[in-house]
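Descriptive analysis of the structure
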Amino acid sequence: MRKKYNHYRNGREWWGYVKAFIRKYGMVKKGALNEISNAERREIEAVERALAITQEMENAKERLELVELVFWKKSNTLQGAAMRLNISEHTAQRYHSDFIQTVAKEFGLMDK
């Protein structure tokens, strides 16, 4: 059986780590986490910088809505968010990947 390969991930070991701290950002913003470490503060700051960068991108509203639905509200899968936002699944995957990579760059895991 062939293993499915996410071509957006491109074998990056940090992919899951970045997704985890993007999700954690939503908990911090809801007040679910009161005390955070310096490392967690750096993660939060990277997400905030990525949000500011995304706000300046083309289709910013759809991009930010997708991030919120998938990572923080957890109300939709990527495919469900694509349907809800009336965008293609491929576009949703691209927006998702773009955001994760932007956070990784802002955190210093990728070259800018």
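Residues numbered from 1 in each chain as written. Predicted model: local features only at pLDDT ≥ 70, side-chain atom pairs only at ≥ 80, totals over all residues. Heavy atoms only, no water.

Section: helix H5 (residues 89-107)
Stated precisely, the cut-off is as follows: The secondary structure listing takes helices from DSSP runs of H or I that are at least 4 residues long and strands from runs of E that are at least 2 residues long, numbered from the N terminus. Here, expected helix span is obtained from the residue count minus one, scaled by 1.5 Å.
The end-to-end C-alpha distance of H5, which contains 19 residues, comes to 27 Å, matching closely the 27 Å that a straight helix rising 1.5 Å per residue would cover. Note on H5: the residue one or two positions beyond its end, Gly108, has a positive phi of about 95°.

A few points about the environment of Ala50
For clarity, the cut-off: We call a residue buried when its accessible area falls under 20% of the maximum for its residue type, exposed when it is over 50%, and partly exposed in between, using a 1.4 Å probe and counting protein chains only. The contact definition used throughout considers only heavy atoms, calling two residues in contact when any of these lie within 4.5 Å.
Structurally, the position occupied by Ala50 is in helix H2 (residues 38-55). With a relative accessible area of 0%, Ala50 lands in the buried category. In sequence terms Ala50 and Val103 are 53 residues apart; their C-alpha atoms lie 5.2 Å from each other. Those residues in contact with Ala50, other than ones at most four positions away along the chain, are Phe99, Thr102, Val103 and Glu106.

Comments concerning the packing of helix H1 (residues 15-29) against H2
Here is the rule we go by: As a rule, the C-alpha atoms of each element are fitted with a line to give its axis, helices using only the stretch in contact, and angles between N-to-C directions run from 0 to 180 degrees. Oblique is the label for any angle not under 35 degrees, not over 145, and not in the 65 to 115 range, which are roughly parallel, roughly antiparallel and roughly perpendicular in turn. Think of it as three bins: nonpolar holds Ala, Val, Leu, Ile, Met, Phe, Trp, Tyr, Cys and Pro, charged holds Asp, Glu, Lys and Arg, and polar takes everything else, Gly as well.
Relative to each other, H1 and H2 sit at 90°, their axes nearing to 9 Å. In terms of orientation, H1 and H2 fall into the roughly perpendicular class. For the pair H1 and H2, contact is made by Tyr17, Phe21, Ile22, Lys24, Tyr25, Val28 and Lys29 and by Glu40, Glu43, Ile44, Ala46, Val47, Glu48 and Leu51, respectively. The class makeup of the residues in the contact of H1 with H2 is 9 nonpolar, no polar and 5 charged.

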